[in-house]
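# Architecture at a glance
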Amino acid sequence: MAGNSFGNIFKITTFGESHGEAIGGVIDGCPAGLTVDYKAINAEMQRRKPGQSTIVTQRKEEDEVRFLSGIFEGVTTGTSIGFIIENTNQKSKDYSHIKDTYRPSHADYTFDKKYGVRDYRGGGRSSARETASRVAAGAIAKQLLKGITFNAFVSSVGDIYIDKPYQALDFSKTEDTPVRCPDIETAEKMISRIKEIKKEGDTIGGTITCVIKNVPVGLGEPVFDKLHAELGKAMLSINAVKGFEYGSGFCGTKMKGSEHNDLFNTDGTTKSNLSGGIQGGISNGMDIYFRVAFKPVATIMQLQETIDKNGNIVEMQGRGRHDPCVVPRAVPIVEAMAALVIADFWLLNKLAKI
């Protein structure tokens, strides 16, 4: 299987399946001499782990990261950083009923047709559990990027959304509610909606907004490796993501050039930031902000019609422990992937100036 690695200089390769012994990864390109803050890594893992509230899946995983190489006495050595995260709470029997059945809107059918074999237990390699390895790697990338901050938050659930600009939000309140929305009044509405959906045996989608602050000018390349293109690839590689926009995004298509242009201040900043901190594929030193769209989780606790591996029409119903809405747990995943992209370009810039 190809496509298990992400990045060029700061590079992560992940391995493992949802119901296997463990998942994990190898980080290449991390410079030597970085003092690793294990508590910070654990905090990121706790934000993503299942079972953290009543509005997410009740699978219980501690998601403790065990490092195998590349760190000596708490400091990176410049060699490959290997790590594993053990799976301790699998309930594979919850998936026995779909052994020969393809779940609607899952990777079951395409995976089986491509490889001729699939691990039906929780989706195997295509499970969102793989993203735990990304969060671990992203936590190290964040520590490398001192001074650069990543602030992701849930900006909508279904048709409930924050109706104010991100500049008016207090990011310190993002973790105050289980839905990870810094606007408390909106957060309460989101939580109520998710609970309603869960009782119906259904799921709901939403969006996550991410704001990256203190990014230096000059990250990104002007042709194929544009900074926003790599951020888009990173976000679209996350399970359940259906869309990505940065800066003015699709709203910008409704504006005239005279309204949309970011006019310069004398110090090189701009009076507006509809460019989203990126111009010509290169960071301009202003806030980078983007929005990521997540579909409703495909597994629902309702009877649905589907097909089996022989093409027969059959009925199936989801079982086990699943998120009624994925966006609360996806917040640290979005931050992690953003950090991996920025770390990669940050190191590339250092090499370019040698």
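One structure accompanies this document, and this report is about it. (Residues numbered from 1 in each chain as written. Predicted model: local features only at pLDDT ≥ 70, side-chain atom pairs only at ≥ 80, totals over all residues. Heavy atoms only, no water.)

## Focus on the pattern of salt bridges
Convention followed: Here a salt bridge means any side-chain nitrogen of Lys or Arg lying within 4 Å of a carboxyl oxygen belonging to Asp or Glu. Strands are runs of DSSP state E lasting at least two residues, helices are runs of H or I lasting at least four, and both sets are numbered from the N terminus onward. Buried, partly exposed and exposed residues are distinguished by accessible area as a fraction of the type maximum, computed with a 1.4 Å probe on protein chains only: under 20%, between the cut-offs, and over 50%, respectively.
Summed over the entire model, instances satisfying the criterion amount to 19 salt bridges. Here Glu86 makes a salt bridge to Arg66, at a shortest N to O gap of 3.5 Å. Highlighted residues: Glu86 in strand 7 (residues 81-86) and Arg66 in strand 4 (residues 65-67), separated in sequence by 20 residues. For Glu86, a relative accessible area of 43% corresponds to the partly exposed category. On the accessibility criterion, Arg66 (43% relative accessible area) is partly exposed. Among the salt bridges present, the one from Lys142 reaches Glu335, with a minimum N-O distance of 2.6 Å. With Lys142 in helix 3 (residues 131-144) and Glu335 in helix 7 (residues 327-352), the pair connects residues that are 193 residues apart, well separated along the chain. Both residues of the pair, Lys142 and Glu335, count as buried. When salt bridges that share partners are traced, they join Glu44, Arg47, Lys142, Glu175, Arg180 and Glu335 into one network.

## Observations concerning the pairing of strand 9 (residues 149-157)
Every other side chain in a regular strand lies on the same face of the sheet, so the side chains alternate between the two faces. The condition that has to hold: Two strands qualify as a pair provided that DSSP identifies no fewer than 2 bridges between them.
Where burial is concerned, most of strand 9 is hidden: eight out of the nine residues are buried. By the bridge criterion, eight bridges tie strand 9 to strand 11 (residues 206-213) in an arrangement that is antiparallel. By the bridge assignment for strand 11, Phe150 is matched with Ile212. In this structure, the hairpin formed by strand 9 and strand 10 (residues 160-161) is closed by a connection of two residues, where Gly158 is found at a positive phi of approximately 60 degrees.

## Some remarks on unusual backbone geometry
Not every positive phi belongs to a glycine, and Ser105 is a case in point at roughly 65 degrees. Within the element layout of this structure, Ser105 appears in the loop between strand 8 (101-102) and helix 2 (108-115). Accessibility expressed as a relative area gives 60% for Ser105, which makes it exposed. Positive phi is not limited to glycine here, since Asn214 has a value of about 70 degrees. Along the chain, Asn214 falls in the loop between strand 11 and helix 5 (227-236).

## With respect to the nonpolar core
Rules: Remark: nonpolar core denotes a set of buried residues (Ala, Val, Leu, Ile, Met, Phe, Trp, Tyr, Cys) joined through side-chain atoms within 4.5 Å. Contact definition: two residues touch when any of their heavy atoms are within 4.5 Å.
Within the largest apolar cluster, 83 residues are counted, with the highest numbers of intra-cluster contacts made by Phe10, Ile212, Met235, Phe290 and Phe294. In terms of residues, this core owes the most to one element, helix 7, which gives 15 residues. Setting aside its immediate chain neighbours within four residues, Phe10 contacts Ile27, Asp28, Gly29, Cys30, Ala137, Ile140, Ala141, Leu144, Leu340, Ala343, Asp344 and Leu347.

## Re helix 4 (residues 184-199)
Condition: Given the number of residues in a helix, its expected span is that number minus one, multiplied by 1.5 Å. Of all possible arcs, the one meant is that of the directions from the helix axis to the C-beta atoms.
Compared with an ideal rise of 1.5 Å per residue, which puts 16 residues at 22 Å, helix 4 spans 23 Å between its outermost C-alpha atoms and is within 8% of the ideal. Buried residues of helix 4: Thr186, Ala187, Met190, Ile191, Ile194 and Ile197, and no others. What you see down the axis of helix 4 is that its buried residues fit within an arc of 140 degrees, all on one side. Of the exposed residues in helix 4, those oriented more than 90 degrees away from the buried face are Glu185, Glu188 and Lys199. Against strand 9 and strand 10 lie the buried residues of helix 4. Backbone geometry just downstream of helix 4 places Gly201 in the positive-phi region, at approximately 70 degrees.

## Regarding the environment of Val223
In this structure, Val223 sits in the loop between strand 11 and helix 5. Classification of Val223 by relative accessible area gives exposed; the value is 52%. The sequence separation of Val223 and Lys256 amounts to 33 residues, and the corresponding C-alpha distance is 25 Å.

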